[in-house]
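# Summary of structural features
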Amino acid sequence: MKQSLLFVPTLKEAPKDAEVKSHKLMARAGLIKQTSAGVYTYLPLAHRVIRNIETIIREELDKRGCSEMLMPALQPRDLWDESGRWDLYGPELMRLKDRKERDFCLGPTHEEIVTHAVRDYINSYKKLPLALYQIQTKFRDEMRPRFGLMRGREFIMKDLYTFHENQEDLDRWYQSMKEAYTEIFRRSGLETRIVSSDTGQIGGDEADEFMVMSEVGEDTISYCMSCSYAANQEFSGLSDGDVCPKCGGTIRTAKGIEVGNIFKLGTKYSESMNALFTSREGKREPVIMGCYGIGISRTLMASVEQHSTEDALVWPKELTPFDLHVVPVNYRDDALIEKVDGLVRSLEKDYRVLLDDRDERAGVKFKDADLIGVPYRMVIGKDFSNGKIEFLNRYNDHKEVLDLEDLAETLKSLNI
RNA sequence: CGGGACGUGGCGUAGCUUGGUAGCGCGUUUGGCUGGGGGCCAAAAGGUCGCAGGUUCAAAUCCUGUCGUCCCGACCA
């Protein structure tokens, strides 16, 4: 891919609205462009990363028996009246009317819709379990959007809903999804911590959150220094120095960004919305539900926060928009261009390659490359005529001059 | 929603106190020089100073209102 065609509007200075590191960097690296408070355009580089996150999610969920579908963002009031949430949700719910003055909202979550979608079908235990998910834009009219993609009014989310005939089956799936999430975040290169949480407004009886530890996080986590105990402070009430309820160790607190959560919903929606099935005993019972979310745009932001400095970024292997960044210091004379293009073509057979084909000075290209954060940079300079290129590994900051003949071998050994 | 701050070419900003031709850096265009860490010289384009009203001979500047954006707090599957 030629950089000149990709639309990567890098900036020397961050817009003054950007306050936290990841937000500044995302704006400077040409990843996002703010449209209004808490609403962003994801530019091509960010979009590529988002697609990579989505791919990981799809693989891990599909592998465990979940099915992807797509539900409407535009949701009629009737369903929200059924669950009772039209009145309960408050101003965070984006409400609107159609031309016939009928009430709608833009979905902040999809319990109502998914329950409506399956309730006629799930009439027997034989149809259970079922696990349905979607990746979609969600809307919440937040009182205060914050820190770029951290808390938006419009954001990309994966939401999954499971349906079960009994508690044991829900427990089994909950555990399986917990493992899926652990794997999803591991593959995304994010260090997360699982913390117990309150089940909040949505109702239910057990919940865990996946937290990326970070200074800019909005949640405070209480965790034990001696055992694995960790809980959202909102829920645990434990503060710095308190005694761990599990092992008696010392509690510490830290800030975290919630990138995912899993909930045992129970029968809150199936009861109110009449999603009943006939059990093995021949009784009509409300189906037992679980719901599981991942904030995809927030995960993107958390990744940048975790993998960046003030003016450079290094994408984790599975998220990176490209594998190799080829940076010819000189991309002017025809013979050279042809040679570089040939190299890129051969590399593109095995790798996703970004070629900085712009007629810019070396310094400009290098600064942009640092911002863009492709893990491996190949500089094509004076020694190219002697069959040599400079290879930078951003993961360990190791720079070396390579013979072109050794390039394939080197790349192979990096396991890109 | 309470508190605070800020709206001036694409980005960052000066000017506002004390009203009088809107300036600078970066970016953009053209030409030349350059060519391994955001270059240099020259020329040029680009701005309803958020919007509305008011005061005044005259408003980016003063007054009123309004909209927007950010930060702190409260809030949050």
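Note: the structure precedes this text.
As a starting point, this report considers the structure included with it.

Cut-off values and rules
Residues numbered from 1 in each chain as written. Chains lettered and ligands numbered in written order. Predicted model: local features only at pLDDT ≥ 70, side-chain atom pairs only at ≥ 80, totals over all residues. Heavy atoms only, no water. Helix = DSSP H or I, 4+ residues; strand = E, 2+ residues; numbered from the N terminus. Buried < 20%, exposed > 50% of the residue type's maximum accessible area, 1.4 Å probe, protein only. Contact = heavy atoms within 4.5 Å. Areas by Shrake-Rupley, 256 points an atom, 1.4 Å probe, with all protein chains shown as cover. Lys, Arg positive; Asp, Glu negative; His and termini not counted. Charge placed at Lys NZ, Arg CZ, Asp CG, Glu CD. Pairing = 2+ DSSP bridges. Axes fitted to C-alpha atoms, helices over the stretch in contact; angles between N-to-C directions. Core = buried A, V, L, I, M, F, W, Y, C linked by side-chain atoms within 4.5 Å. Domains from an automatic or database assignment. Salt bridge = Lys/Arg side-chain N within 4 Å of Asp/Glu carboxyl O.

### A short note on the overall build of chain A
When its secondary structure is counted, chain A shows 12 helices and 21 strands. Along the first, second and third principal axes, the C-alpha atoms of chain A reach 80 × 60 × 45 Å. Residue burial in chain A is summarised as follows: out of 416 residues, 51% are buried. Considering only residue pairs separated by 6 or more positions, chain A has 67% of its internal contacts joining residues 24 or more positions apart. Of the roughly 19,300 Å² that chain A leaves accessible, carbon and sulfur atoms contribute 47%. On chain A, the mean spot of the 59 positive side-chain charges and the mean spot of the 70 negative ones are 2 Å from each other.

### Here's the deal with the sheet that holds strand β19 (residues 376-380)
Pairing within the open sheet is mixed, and its 5 strands lie in the order β18-β17-β19-β20-β21. The open sheet is flanked by β18 (353-355) and β21 (398-403), the only strands paired with a single partner. Mean inter-strand twist for the sheet, computed between neighbouring axes without regard to direction, equals 25 degrees. Sheet analysis places strand β17 (residues 324-328) next to β18, joined by 3 bridges and oriented parallel.

### Some thoughts on the nonpolar core
L31, Y292 and L300 are the most contacted members of the largest nonpolar core, which totals 56 residues. Two domains each provide a minimum of three residues to this core, namely domain 1 (3-306) and domain 2 (324-414). The residues touching L31, leaving out its near neighbours within four places in the chain, are M26, T41, Y42, L43, L45, A46, L313 and W315. With 21 residues, the next largest nonpolar core counts L324, Y331, V344 and L347 among its residues.

### Here we look at the environment of K126
In this structure, K126 sits in the loop between α5 (111-118) and β7 (130-139). Sequence separation of K126 and P9 is 117 residues, and the distance between their C-alpha atoms is 54 Å.

### Some remarks on the pattern of salt bridges
Inspection of the entire model under this criterion finds 33 salt bridges. With a shortest N-O distance of 3.6 Å, D141 and R153 are connected by a salt bridge. Remark: R153 occurs in the loop between β7 and β8 (154-164) and D141 occurs in the loop between β7 and β8; sequence separation between them is 12 residues. Owing to a relative accessible area of 21%, R153 belongs among the partly exposed residues under this scheme. Close ionic contact of R352 with D323 constitutes a salt bridge, the shortest N to O distance being 2.8 Å. Within this pair, whereas R352 is found in the loop between α10 (334-347) and β18, its partner D323 is found in the loop between α9 (296-306) and β17, the two being separated by 29 residues in sequence. By relative accessible area, which is 30% here, R352 ends up partly exposed. For D323, a relative accessible area of 10% puts it in the buried group. Three or more residues joined by partner-sharing salt bridges are found here, namely E59, E60, K63, R64, R187 and E318.

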